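Chain by chain, the residues:
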Protein chains: 2
Amino acid sequence: MQKYNLGYICQPSANVKKSIAILGSTGSIGTQALEVIASHPEKFSVEVLTSNSNADLLIEQSILLQPNAVVIADEKKYHQVKTALEKFPIKVFAGDAALSQVMEMETIDMVLTAVVGFAGLKPTLAAINAGKQIALANKETLVVAGELVTALAKEKAVNIYPVDSEHSAIFQCLAGEWNNPIEKIYLTASGGPFRGKDKAFLTTVKKEQALKHPNWDMGAKITIDSASMMNKGLEMIEAKWLFHLTPDQIDVIIHPQSIIHSIVQFRDGSMKAQMGLPDMKLPIQYALGYPDRLKSTFPRFDFANYSSLTFEKPDSTTFRNLALSIVALQKGGNLPCILNAANEIAVAAFLKDQIGFLEMSDLIEECMSAIKFIEHPTLEDYIHTDHETRIKAKEWIEKKLTVIR
Amino acid sequence: MQKYNLGYICQPSANVKKSIAILGSTGSIGTQALEVIASHPEKFSVEVLTSNSNADLLIEQSILLQPNAVVIADEKKYHQVKTALEKFPIKVFAGDAALSQVMEMETIDMVLTAVVGFAGLKPTLAAINAGKQIALANKETLVVAGELVTALAKEKAVNIYPVDSEHSAIFQCLAGEWNNPIEKIYLTASGGPFRGKDKAFLTTVKKEQALKHPNWDMGAKITIDSASMMNKGLEMIEAKWLFHLTPDQIDVIIHPQSIIHSIVQFRDGSMKAQMGLPDMKLPIQYALGYPDRLKSTFPRFDFANYSSLTFEKPDSTTFRNLALSIVALQKGGNLPCILNAANEIAVAAFLKDQIGFLEMSDLIEECMSAIKFIEHPTLEDYIHTDHETRIKAKEWIEKKLTVIR
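Residues numbered from 1 in each chain as written. Chains lettered and ligands numbered in written order. Predicted model: local features only at pLDDT ≥ 70, side-chain atom pairs only at ≥ 80, totals over all residues. Heavy atoms only, no water.

When helices and strands are tallied, chain A shows 16 helices and twelve strands. Considering only C-alpha atoms, chain A reaches an extent of 55 × 55 × 45 Å along its principal axes. A burial count over chain A gives 60% of its 405 residues as buried. Expressed as a percentage of contacts within chain A between residues at least 6 apart in sequence, the contacts between residues at least 24 apart total 70%. If you average the places of the 41 positive and of the 46 negative side-chain charges in chain A, the two averages end up 1 Å apart. (Helix = DSSP H or I, 4+ residues; strand = E, 2+ residues; numbered from the N terminus. Buried < 20%, exposed > 50% of the residue type's maximum accessible area, 1.4 Å probe, protein only. Contact = heavy atoms within 4.5 Å. Lys, Arg positive; Asp, Glu negative; His and termini not counted. Charge placed at Lys NZ, Arg CZ, Asp CG, Glu CD.)

Given below as structure tokens:
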């Protein structure tokens, strides 16, 4: 009998109040999670809040929600946060190491990992190691080190509840089907702001255009990843680990309206889809509240506004990030780690107008062929690969900028 | 905590071979069910086959599948069947009473009720009374006497597994969600061959046109019901009883491609849909095999053939059966029984070219206002109502034919 992601054996009781730590509470997912938590005080309490460097918002959130502890990763801001929270019974920590240490607090039931990028890996591993249930919004954790992360989760009997809307959709469709083998899944993709455009057009696009997502309101990194289709590539790799799939079981279909969030096809040929208006609060709430669906006032879908749902094949020739991701998905090892690190640098450079939209794929491809392939990496190998790739990617960008100057 | 249809507590073990009785094995659902059973000999065996009057096919099926017993409802055909099966260890019975009696056989695990119309009520009640699990393709049983049938099922700890593709879709979406309240459901409808047509057109249509369903290959009665939208009206009433819904929780949406088979919306706003090519074998197999999804070779859905799924509001002004059904749904009592009996006579008369397509609604409306309303009918009341309605309906037709002559 096949079990998806440990079969979700240890389901939380429906009547227990969950104590939540939010890794990255000041970002897009973090702030929306706090809205969800605030509307269900009978179900959730906030135990820990963390932020990379947004001290002002972290202070504001802490005064409002009175967590047990807060962490500001940027040590230069420690004094500001400490002083502001002085008169409250809130522990204040700073630095990357504290992010991981605080996850071990006994009073935490569930950790929502809502930080962006490779930075989420270490604290997520720390949380799993401490036996905390995980609501995973940081897809890079599974992209980079899925084998290692899922093995540790299995060992520690930790469930990983997806927060990404596509993976939440798959997960919702799998409820009650843990013993029914998946034949394949379709991850839906809006296609982003540049759907249907050709390479000539993409050469000219600026960050302002790429940051305008047609359906979803998200952070800058993931919005660029959506425009470049890298987001879908990363999601394919994430799905492989979350649902124990082989690469050929994972398909992508462009669905510009973003109403069907993803689809599972079972071995009897039946398909189940999860649908609704694009609103990240729903998958966040589902992950935090699972197995209960909590009452919500989120706007409801209405067929009167959607007389047609359309579908088309993705264009991985123009959007080369998708093709590169599939190579990483199939080859595995440290290749997804290289893909991810190169992409993080590429997106940051694109947002600084240092490289063009299509050059992001050039940079990623260059790194994927330059960095040494490791078939079965250890955690140290991942950290080393990530580090090496970032150096390589920055060199590539520097060289390019030098030529221009 | 809300439980749908008893919460499906007593789930059959995944490894037990189920012994199946098919009420109506020679019809469209019956023959497809036998295909499903034949492809899973490790999961199912055939215990009983019954037919109304198709002795030839019943004999053929019996010789092939060697059931323990067969029933031919038409007593005139008893001799033919008895003689043909003489040399086999197969018990042969005849008559309506035998249909109900045979349901009590100890060796039956599950009864698939695949007869058409009011005729399914008595044997279904007999099967529930004997504690048999029910795979329900005979929607009229719940339309006519839903309150009585579901109360008896609850008392006998019998689960009713829907076979109708729409209700199977809802049921598939509810797997693993038994404790999560439904906000509403959408029953999808193809709209049939006359979607978008006006009353002037409908006055002219003949049975040959009405029998051409664009997507589904079904029996004559249900195909006419699909063309007239009565099928969707009956399904709304069926859904009310199967899933314990109030009338305002049940919506209908026209979806001409028949790919999304129905949709559930939960109280968090999330919607789940079940999808696939239109093929009755899938819901039949799901009902027989629940909770296991058995491997199948049914053709798979391919987005390449469906770039657009469309939706529109139903037109209950032109297709007045839908409006009449909603009255019956809301008012309850014996009104759905009147609606159903009048419709059975109307469809039969339309198939004999005795009345026109739109006159079916006239006849049903006439019966709904003429027959005495009973708020809390007993089984005898239902039988009496059905009888009275048929007399009234036949008089109406006779009168009309007399005028023409």
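Next up on the list: the relation of the copies chain A and chain B. Of the two same-sequence chains, chain A is brought onto chain B (RMSD 0.0 Å, axial shift 0.0 Å) by a rotation of 180 degrees. Taken together, the rotation angle and the small translation identify this as a two-fold axis. Closest approach to the rotation axis within chain A is made by the C-alpha atom of A:Gly176, at a distance of 1.8 Å. By residue overlap, the copies meet face to face through one surface: 100% of the interface positions of chain A are interface positions in chain B. (Least-squares fit on C-alpha atoms with pLDDT ≥ 70 in both.)

Spatially, the eight strands line up as an open sheet ordered 9(A)-8(A)-10(A)-11(A)-11(B)-10(B)-8(B)-9(B), and their pairing is mixed. The open sheet is flanked by strand 9 (250-254) of chain A together with strand 9 (250-254) of chain B, the only strands paired with a single partner. Between one strand and the next, the sheet's axes are offset by a mean angle of 20 degrees, whatever the strand orientation. Seen against the sheet, helix 11 (residues 230-242) of chain A touches strand 8 (182-189) and strand 9 of chain A and runs at an angle of roughly 155 degrees to strand 8 of chain A. (Pairing = 2+ DSSP bridges. Axes fitted to C-alpha atoms, helices over the stretch in contact; angles between N-to-C directions.)

So, on to the sheet that holds strand 4 (residues 91-94) of chain A. Residues and elements named next belong to chain A. The strand order 4-3-2-1-5-6-7 describes an open sheet built from seven strands, whose pairing is parallel. Every other strand in the sheet has two partners, leaving strand 4 and strand 7 (160-162) as the edge strands with one partner each. Across the sheet, the mean angle separating the axes of adjacent strands is 20 degrees when strand polarity is ignored. Bridge count for strand 2 (residues 44-51) against strand 3 (residues 69-72) is four bridges, and the pairing is parallel. Following the sheet pairing, Val48 is matched in strand 3 by Ala69.

To continue, consider the environment of A:Gln209. All names here are of chain A. Checked against the element boundaries, Gln209 lands in helix 9 (residues 207-210). When the C-alpha atoms of Gln209 and Phe194 are compared, they prove to be 8.7 Å apart, with 15 residues separating the residues in sequence. Sequence-distant contacts of Gln209, defined by excluding residues within four places in its chain, comprise Pro193, Phe194, Phe201 and Thr204.

Each partner contributes residues to the interface: chain A has 41 residues there, and chain B has 41 residues. For the pair chain A and chain B, the two sides together bury roughly 3600 Å², of which 53% comes from carbon and sulfur. The three residues of chain A that bury the most area against chain B are A:Asp268, A:Arg293 and A:Phe303, which together make up 22% of that side's buried surface. Joining chain A to chain B, the criterion identifies six salt bridges. A salt bridge links B:Glu177 to A:Arg293; its shortest N-O distance comes to 2.8 Å. For the interface between chain A and chain B, the tally reads 33 residue pairs in polar contact (both at pLDDT 80 or more). The set of elements that each furnish at least two residues to the side of chain A that touches chain B consists of helix 7 (165-174), strand 8, strand 10 (260-266), strand 11 (271-275), helix 12 (281-289) and strand 12 (308-310) of chain A. No other element matches the five residues that strand 11 of chain A contributes to the side of chain A that touches chain B. Across the side of chain A that touches chain B, the residue classes break down as 19 nonpolar, 13 polar and nine charged. (Buried area = accessible area lost by both parts, 1.4 Å probe. Salt bridge = Lys/Arg side-chain N within 4 Å of Asp/Glu carboxyl O. Polar contact = N/O pair within 3.5 Å; in protein donor to acceptor, adjacent residues only side chain to side chain. Nonpolar A, V, L, I, M, F, W, Y, C, P; charged D, E, K, R; others polar.)

As a further point, take the state of the cysteines. Under the counting rule described, the total for this entry stands at zero disulfides over all chains. Free cysteine: A:Cys173, not disulfide-bonded; nearest cysteine sulfur from B:Cys173 at 7.3 Å. Among the residues examined, A:Cys173 registers a relative accessible area of 0% and is labelled buried. The thiol of B:Cys337 is not disulfide-bonded; the next cysteine sulfur, from B:Cys367, is found 11 Å away. On the basis of relative accessible area, B:Cys337 is assigned to the buried category, the value being 0%. (Disulfide = S-S within 2.5 Å.)

Glancing now at the packing of aromatic side chains. Per the counting criterion, the structure on display carries 26 aromatic pairs over all chains. Here A:Phe303 and B:Phe311 contribute two aromatic rings whose centre-to-centre distance is 4.5 Å and whose plane-to-plane angle is 35 degrees, an arrangement assigned as tilted. Of the two residues, A:Phe303 is situated in the loop between helix 12 and strand 12 and B:Phe311 in the loop between strand 12 (308-310) and helix 13 (320-331); the pairing between them involves two chains. Residue classification places B:Phe311 among the buried positions, given a relative accessible area of 4%. (Phe/Tyr/Trp six-rings, centres within 6.5 Å; stacked < 30°, edge-to-face > 60°.)

Turning to the nonpolar core, a few remarks are in order. Soluble globular proteins: nonpolar side chains tend toward being buried together. Residues A:Leu112, A:Ile185, A:Phe243, A:Leu288, A:Leu339 and A:Phe357 are the most contacted members of the largest nonpolar core, which totals 125 residues. Per-element tally for this core: the top contributor is helix 14 (residues 335-351) of chain A, with ten residues. Here A:Ile185 is in contact with A:Ile170, A:Ala239, A:Leu245, A:Gln249, A:Ile250, A:Asp251, A:Ile263 and A:Val264, once residues within four sequence places are set aside. Judged by nonpolar contacts, the second largest core, of 124 residues, contains B:Leu174, B:Leu202, B:Ala210 and B:Ala349. (Core = buried A, V, L, I, M, F, W, Y, C linked by side-chain atoms within 4.5 Å.)

Now for unusual backbone geometry. Here the amide bond leading from A:Tyr290 into A:Pro291 is cis, since omega sits at 5 degrees, within 30 degrees of zero. Relative to the assigned elements, A:Pro291 resides in the loop between helix 12 and strand 12. The backbone phi angle of B:Asp353 is positive, close to 60 degrees, even though this residue is not glycine. Mapped onto the fold, B:Asp353 is located in the loop between helix 14 (335-351) and helix 15 (359-370).

Another aspect to go through is the packing of helix 5 (residues 121-129) of chain B against helix 6 (residues 139-155) of chain B. Residue and element names in this part refer to chain B. Here helix 5 crosses helix 6 at 15 degrees, and the two axes come no closer than 11 Å. Judged on the interaxial angle alone, helix 6 and helix 5 are roughly parallel. Judged by the sense of rotation from one axis to the other, the crossing of helix 5 with helix 6 is right-handed. For the pair helix 5 and helix 6, contact is made by Leu121, Thr124, Leu125, Ile128 and Asn129 and by Thr141, Val144, Ala145, Leu148, Val149, Leu152 and Ala153, respectively. Here the contact of helix 5 with helix 6 is composed, by residue class, of nine nonpolar, three polar and no charged. (Parallel < 35°, antiparallel > 145°, perpendicular 65-115°, else oblique. Left-handed = near helix turned anticlockwise from the far one by under 90°.)

Right, let's talk about the confidence of the model for chain A for a bit. Residues and elements named next belong to chain A. Across chain A, the average pLDDT comes to 94, with 96% of residues at 70 or higher. Segment residues 1-12 is flagged for pLDDT under 50; beyond a separation of four residues in sequence, or across chains, it makes 46 contacts in the model. For this predicted complex, the interface confidence score (ipTM) comes to 0.94, while the overall pTM stands at 0.95. (pLDDT = per-residue confidence, 0-100.)

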